[in-house]
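Letter by letter, the chains look like this.
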Amino acid sequence: MLFLRRSAGRVARWVPCGQQRRTKMVYGPKGSKGPLPRTPWTVRGPPPGAKLPWYLQNVPSVREQVPELDVVTYGGKMYRVPWLAKPRHEKWERGWHDRRLDGPCLDGLPSYKERPCYVCQQLTRLLEGVKQASWLTKTKVIDGLPLQILSIMTDTANQLENQDERVQNAISHARFWVSSVEEIMEETYCPVLLEDLLHLCRTMATRHPLLAKRMLAQDYRVAATWERESLLLQVRGINGKLLNAMNPLEPVASKDEILATENDVLETLYPIAPTIDLHEVNIYETRNDTGFQVGYPYPHPHTVYFAHGDKYHRMKPEQLRAKMLMFAFGNALAKARILHGDEPKVLEKPIVVQSVATNGQSFQFMVFQLNTTDLDPSHGVKNLAWIDADQLLYEDARVRPEIRKKVVTIPAGIHGYQPATFKKFLAFYLHGVV
C-alpha cells in the first residue's frame, strides 16, 4: 500500500509538456555516450533559420526583452535594498585638487623635469650583471686582483698572531654563539661575521698607527649623476658601510695602462636596453654628494662593505658584483666632481675605491679606479675594475653532526676553512698603509 502511494506521488509531479524528466530540474532528451550520428546538424550545424529546442536557447534578459522598462533602484530610499538594482551616479567633481586622494600633481613640483633620469638604488638588480654595469660606468673589467693587493697578501709580516684560529673563532661566533637559536639565519650571522672580521683588522693599528686615522660610516647617502650616450644616469641612496681615510689611495694602474684602454671596445647589450633594470623617474635633482659635510676629517672613500644577508632582497652573485661596481663608481665619481668640478675630462690623478661584499660564507672583492669623468662617448680613456669573485671563507658550518647508521659521517663545526680569503680581506684593509 505504501508503494502505491509513493508511485502516485511521483506521477502527479509537474513535467514540461511532451518532455522527459532526466534528473532533478533537468529535462530534454538524454545525450548519447558515443559519437553523434553524422547528420546535417552535426556536420554543418543547424540549417539557417531553424529554431533550436527550448533547452538550447539563450533566454535574453528582461531588460533586453522590454527596452522601455524602467529600472527600479534603491537610490530614493537612501539605503540598500537587496532586491532592487544599484543606482548609478555621475562622478562628482569637487572643483579643487586634493593631494590626499588624487596624489600630488607631478607637473607642479619644483624638481619635476621632462627629461627622464635612470636611477640605480640599493635594491636594483641588474639583469646582465657586471657586463651591464661596465657599460653604464664605461669600465674595463679585469679578472683577478692588482699586484699591490697580492704583494700585501703574500707578505707574512702583514698577518695577525694566531690568525687562522682567531678567524675561525669569528666564524663560530657568527654561526653558533651569537644566538641561542639552533639554526641561525643568514640575515643574522652575515653582518656579525663582517663586523668581527673588521674588528680583527682594526687590531693591526698597533703595528700601523695610520690605521687609527680612519672612520667607518654606516647608512650614509651617496649621489652621483652622469650622462652616458645621451642617457641621464644616477646612483643614489643608502648602501652598506664605508671606510673613510684621511689620505686617498694611490692609483693602481700606471699611465701607460690607462692610455691603453682607449683601444678597448665595451660590449653592448643590444637588443636589450642598458637601462632596462633602472628606475625611470622625472622628479630628481642632478647633484653629486659624497654623503659627508665639508670639513669632514676623513673625506676620502677607501672601501665599501656590503653584508648581503637579507632574504627578502637577495641577489645572485653576478648581480651583487654589479651593485658593488655601481656604488664604488658612484663614490669615486662624487669625490671627483667635488675635487675637479663638473667638467668632463681625464683625471691627472685617478681615484681608487675598493669594495668587498659577503653573504656570510662567500666573498666578492673589487678594486675600482676612476680614470675619466668624460663618460658620455664610448671611445677614449676608460675606467678600470679588478674583480676576484666567489671566494669561500669556509665550505660548511654545522651545529649538529650528521649521523648515519650510528656513525658520525660529518662532525659538527666548521669545515673547509680557506685562509687565503681572509688574507685578501686583510690586504684590502691594509692597502694604503703598507
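Scroll up a little and you will see the structure.
As a starting point, this report considers the structure included with it. (Residues numbered from 1 in each chain as written. Predicted model: local features only at pLDDT ≥ 70, side-chain atom pairs only at ≥ 80, totals over all residues. Heavy atoms only, no water.)

### Quick notes on the overall build of the protein chain
Secondary structure assignment for the protein chain yields 11 helices and 17 strands. Looking at the protein chain as a whole, 38% of its 434 residues qualify as buried. Of the contacts made within the protein chain by residues no fewer than 6 positions apart, 75% connect residues no fewer than 24 positions apart. (Helix = DSSP H or I, 4+ residues; strand = E, 2+ residues; numbered from the N terminus. Buried < 20%, exposed > 50% of the residue type's maximum accessible area, 1.4 Å probe, protein only. Contact = heavy atoms within 4.5 Å.)

### Quick notes on the pattern of salt bridges
Taken as a whole, this structure holds 15 salt bridges when the rule is applied. Among the salt bridges present, the one from Lys140 reaches Asp264, with a minimum N-O distance of 3.1 Å. Of this pair, Lys140 sits in strand S4 (residues 139-143) while Asp264 sits in the loop between helix H9 (255-260) and strand S9 (279-283), placing them 124 residues apart in sequence. Residue classification places Asp264 among the partly exposed residues on the basis of a relative accessible area of 24%. (Salt bridge = Lys/Arg side-chain N within 4 Å of Asp/Glu carboxyl O.)

### Observations regarding the sheet that holds strand S7 (residues 231-238)
Spatial strand order, S6-S7-S3-S9: four strands in an open sheet with mixed pairing. Where the open sheet ends on each side, the last strands, each with one partner, are strand S6 (221-228) and S9. Going from strand to strand, the sheet's axes swing by 35° on average, the running direction of each strand aside. Sheet analysis places strand S3 (residues 112-120) next to S9, joined by four bridges and oriented antiparallel. (Pairing = 2+ DSSP bridges. Axes fitted to C-alpha atoms, helices over the stretch in contact; angles between N-to-C directions.)

### Overview of helix H6 (residues 147-154)
Buried within H6 we find Ile149, Ile152 and Met153. Take H6 and look down its axis: the buried residues cluster within an arc of 100°, on one side only. Relative to its buried face, H6 has exposed residues pointing more than 90 degrees away, namely Leu147 and Thr154. Of the surrounding secondary structure, the elements contacted by the buried residues of H6 are strand S11 (346-358), strand S12 (362-372) and helix H11 (419-430). (Arc of directions from axis to C-beta.)

### Description of the sheet that holds strand S5 (residues 214-218)
The strand order S4-S13-S12-S11-S10-S8-S5 describes an open sheet built from seven strands, whose pairing is mixed. Single-partner strands in this sheet number two, and they are S4 and S5. Strand after strand, the sheet turns through a mean of 20° between neighbouring axes, direction not considered. Both S12 and strand S13 (residues 383-392) contribute to a ladder of seven bridges, which runs antiparallel. What sits directly across from Gln369, in S13, is Leu384.

### With respect to the nonpolar core
Ranked by internal contacts, the top residues of the largest apolar core, which has 45 residues, are Val167, Leu197, Tyr305, Leu393, Phe422, Phe425 and Tyr429. A per-element tally of this core places helix H8 (residues 186-202) first, with eight residues. Discounting residues that sit within four places of it in the chain, Tyr305 has contacts with Leu194, Leu198, Leu216, Gly240, Lys241, Leu243, Val356, Phe425 and Tyr429. By size, the runner-up hydrophobic cluster in this structure holds 40 residues, among which are Val304, Ala328, Phe329 and Val353. (Core = buried A, V, L, I, M, F, W, Y, C linked by side-chain atoms within 4.5 Å.)

### Regarding the packing of helix H7 (residues 163-177) against H11
Two elements in contact, H7 and H11, have axes separated by 11 Å at closest approach and are oriented at 90°. Overall, the two elements H7 and H11 adopt an arrangement that is roughly perpendicular. Contact residues: Gln163, Asp164 and Val167 in H7; Pro419, Phe422, Lys423 and Leu426 in H11. Of the residues that constitute the contact of H7 with H11, the class distribution is four nonpolar, one polar and two charged. (Parallel < 35°, antiparallel > 145°, perpendicular 65-115°, else oblique. Nonpolar A, V, L, I, M, F, W, Y, C, P; charged D, E, K, R; others polar.)

### A short note on the side chain of Thr421
If you trace the backbone, Thr421 turns up in helix H11. Note on Thr421: relative accessible area 4%, which makes it buried. Ignoring anything within four residues of it in the chain, the contact list for Thr421 reads Phe363, Phe365, Gln391, Leu392 and Leu393.

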